[in-house]
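# Survey of secondary and tertiary structure
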Amino acid sequence: MKATVSRKAHFNAAHRLYNKNWTFEKNDAVFGKCNNPNYHGHNYELIVSVTGEINQETGFVIDVAILKELIEVEIEAAFDHKNLNLEVPEFENLNPTAENIAVVIYNKLKPKLDASLELEITLYETPRNFVRYSGD
């Protein structure tokens, strides 16, 4: 029997979307106000979903307390109230789009989980704009 366990989390972060190899004008044309040189922020909502077989002894796919701590340590501590471009090493050479943030979160969490478990990241940048990534 397979089931999916999800944990919701939240972090606030600033970023700027731009390609350092482009002119300001081209960045402005592609990224618009998200190219603000003084950055802008979001209240990100994160849903981490883990799918796997239900352990017959515990009844868990994953202990939610373990998942909670992983998210707090690996994601919230690293991203919350940070400027993603300047303070998060993974974005030193990676544009911190919602898509790339979701991939980075996946890559930080996946190695910490049992290999038999599937992982899906859902990241809301705004209440209406979100990304899902499951390693595919």
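Here goes a summary of the coordinates provided. On a predicted model such as this, the values are computed, not experimentally measured, just so you know. One numbering rule holds for all chains: residues counted from 1, following each sequence as written. Local features in a predicted model are, by the rule used here, given only for residues with pLDDT of at least 70; side-chain atom pairs are given and counted only at 80 or more, and totals for whole chains, interfaces and linings are based on all residues. Each side-chain value is worked out from all heavy atoms of the structure, with water and hydrogens disregarded.

### Here's the deal with the packing of aromatic side chains
By convention here, two paired aromatic rings are described through the distance between centres and the angle between planes. Operational definition: The rule is short: rings of Phe, Tyr and Trp, with Trp giving its six-membered ring, pair when the centres are within 6.5 Å, and they are stacked under 30 degrees, edge-to-face over 60, tilted in between. Geometrically, a charge over a ring is one whose NZ (Lys) or CZ (Arg) sits within 6 Å of the ring centre while staying within 35 degrees of the ring normal.
Taken as a whole and assessed by the stated rule, the structure comprises six aromatic pairs. Of the aromatic side chains, those joined through ring pairs into one cluster are F11, Y44, F79 and F91. In this structure, R16 packs its charged tip against the face of Y18, placed 4.1 Å from the ring centre. Here the basic side chain of K26 rests over the ring of W22, its NZ or CZ set 4.4 Å away from the ring centre.

### Examining the nonpolar core
For the record, the criterion: As used here, the term nonpolar core means buried Ala, Val, Leu, Ile, Met, Phe, Trp, Tyr and Cys residues forming a set that is joined through side-chain atoms within 4.5 Å. Categorising residues by exposure relies on relative accessible area from a 1.4 Å probe, with only protein chains included: less than 20% of the type maximum marks a residue as buried, more than 50% marks it as exposed, and the intermediate range marks it as partly exposed. Numbered from the N terminus, helices here are DSSP runs of H or I no shorter than four residues, and strands are runs of E no shorter than two.
In this structure, F11, L46, F79, I101, I105 and I121 are the most contacted members of the largest nonpolar core, which totals 31 residues. Where this core is concerned, the elements lending two or more residues are β1 (2-15), β2 (40-53), α2 (64-79), α4 (98-109) and β4 (118-124). Here this core takes seven residues from α4, the largest share from any one element.

### Points about α2
Counted only if it meets this: The span expected for a helix works out to 1.5 Å for each residue beyond the first. The angle separating two fitted axes, one through the seven residues that finish at a residue and one through the seven that start at it, defines the bend at that residue. A 3.5 Å cut-off defines polar contacts: any pair of N or O atoms within that distance qualifies, except that in protein one atom must be a possible hydrogen donor and the other a possible acceptor, and neighbouring residues in sequence count only when both atoms are side-chain atoms.
Along its 16 residues, α2 runs 21 Å from first to last C-alpha, staying within 8% of the 22 Å computed at 1.5 Å per residue. Along α2, the helix axis deviates most sharply at E72, where the bend reaches about 35°. Among all positions of α2, only L67, L70, I71, E74, I75 and F79 are buried. Where α2 begins, the capping side chain belongs to D63, and its oxygen is found 2.9 Å from the backbone nitrogen of A65. Two residues or fewer past α2, H81 is found with a positive phi of approximately 55°.

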